[in-house]
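# Working through the structure, step by step
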Amino acid sequence: MGRCRAILEEIDDTEATLGADAHAPAGRVRVHTPVSFGLHCLSPYLPAFAAQYPQVSVDLTLSEQAPEVVEGIYDIVVLGAREGFDSGITARKLFSCEVVLCATPAFVERYGSPKRPPELADYPLIDVSHEVARGPWQLTGPDGSWDVRPLRQGQITSNNAELLYRLAMRDAGIAPLPEYIVGADLQAGRLIRILPQWKLQTLDFFAALPSRRFLPLKVRVFLEFLRQTLKDSLPALR
């Protein structure tokens, strides 16, 4: 992705052109997303897109390994980043969400809950093994910032957030998970936020494109669908 130019745009900026095409959108849209994003943010709503645009087919690839956007294999690549991109790509921001530490009520009943970041060392942890998503655990809260990287001795690690989520739901430990996965569970009480006064990470999600000079109508309508779906289904996210 280092060969691309840094262009970060809000996704709303070009959607006004959707009505400019006289023909109905048609053809195949090739989309690549992280596994958990595809499962939680796309799969429930793809039937509605298919019904609205019957001439557009969606080829959806789910993987934690992001492809080279500039190679043009995909029309849209959804990427998550903690602090923007190390090197620029042509991209449009979709939304931001926090990564939070959480565990089940049964886990908290059995082990208790840490009151300060250093106490995490005394609890079973489930951690992210993917180096890009991993980063430092820099918790910021009432007492300043804590770099708890030395405490990351998770007994179970994985590069797949969906697997971490399922393990957490089975009382396996404290896990760092994005709000778009656990928001409903936190609201329903199926999960409890750990160290709620401490902020862990913010993930920014972008729709990365191989080119900004011309977007086929089929790609533009899917981008608009994606933007509207996220707006409607994730109202708490920015």
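First, a word on scope: everything that follows refers to the structure included in this document. (Residues numbered from 1 in each chain as written. Predicted model: local features only at pLDDT ≥ 70, side-chain atom pairs only at ≥ 80, totals over all residues. Heavy atoms only, no water.)

### Re the packing of aromatic side chains
This is how the line gets drawn: Two rings from Phe, Tyr or Trp (for Trp, the six-membered ring) form a pair when their centres sit within 6.5 Å of each other. Planes less than 30 degrees apart are called stacked, planes more than 60 degrees apart edge-to-face, and all others tilted. Every helix listed is a DSSP run of H or I at least four residues long, and every strand listed is a run of E at least two residues long, numbered separately from the N terminus. Exposure classes here rest on a 1.4 Å probe applied to the protein chains alone. A residue is buried below 20% of its type maximum, exposed above 50%, and partly exposed in between.
Applying the stated criterion to the full structure yields eleven aromatic pairs. Judged by centre distance (6.0 Å) and plane angle (70°), the rings of Phe37 and Tyr180 are edge-to-face. In this pair, Phe37 is assigned in helix 1 (residues 35-42) and Tyr180 in helix 6 (residues 179-188), connecting sequence segments 143 residues apart. Since its relative accessible area comes to 0%, Phe37 is described here as buried. Taking relative accessible area as the criterion, Tyr180 reaches 8% and is therefore assigned buried. Measuring from centroid to centroid gives 5.0 Å for Phe95 and Phe205, while their planes differ by 10°, and the two rings are stacked. Placement of the pair is Phe95 in strand 5 (residues 90-103) and Phe205 in strand 12 (residues 201-208), with a sequence separation of 110 residues. By the burial criterion, Phe95 is buried, and Phe205 matches it.

### Thoughts on helix 6
Quick reminder: α-helices carry 3.6 residues per turn. Residues three or four places apart thus point the same way. This is how the line gets drawn: We call two residues in contact whenever any of their non-hydrogen atoms come within 4.5 Å of each other.
The set of residues buried in helix 6 consists of Tyr180, Ile181, Val182 and Asp185. Buried residues along helix 6 sit against helix 1, strand 5, helix 5 (161-169), strand 10 (175-178) and strand 12.

### A word on the environment of Gly189
In this structure, Gly189 sits in the loop between helix 6 and strand 11 (192-193). Accessibility expressed as a relative area gives 38% for Gly189, which makes it partly exposed. With 85 residues separating them in the primary sequence, Gly189 and Thr104 have C-alpha atoms 8.3 Å apart.

### Details of helix 7 (residues 217-233)
The condition is simple: An expected span of 1.5 Å times one less than the residue number is assigned to each helix.
Between the first and last C-alpha of helix 7 there are 24 Å, a value that for 17 residues agrees with the 24 Å anticipated at 1.5 Å per step. The element helix 7 is largely enclosed, with a buried count of 13 among its 17 residues.

### Brief notes about the pairing of strand 10
Where we set the bar: Pairing between strands is defined by DSSP: at least two bridges between them are needed.
Side chains of strand 10 alternate between two faces, with Ala175 and Leu177 and Pro176 and Pro178 buried alike. Pairing analysis gives four bridges linking strand 5 to strand 10, with the strands arranged antiparallel. Paired with Cys102 across the bridge in strand 10 is Ala175.

### Thoughts on the pattern of salt bridges
Cut-off, in case you're wondering: What counts as a salt bridge is simple: a side-chain nitrogen of Lys or Arg found within 4 Å of a carboxyl oxygen of Asp or Glu.
According to the stated counting rule, one finds eight salt bridges in the structure shown. In this structure, Asp143 and Arg116 form a salt bridge, with 3.7 Å as the shortest nitrogen-oxygen distance. Within this pair, whereas Asp143 is found in the loop between strand 7 (138-141) and strand 8 (144-147), its partner Arg116 is found in the loop between helix 3 (105-111) and strand 6 (126-128), the two being separated by 27 residues in sequence. The class for Arg116 is partly exposed, based on a relative accessible area of 35%. Between Arg166 and Glu162 there is a salt bridge; the shortest N-O distance is 3.3 Å. Of this pair, Arg166 and Glu162 are both found in helix 5, four residues apart, which corresponds to roughly one turn of the helix. Among the residues examined, Arg166 registers a relative accessible area of 52% and is labelled exposed.

By themselves, these are just geometric observations and shouldn't be taken as functional.
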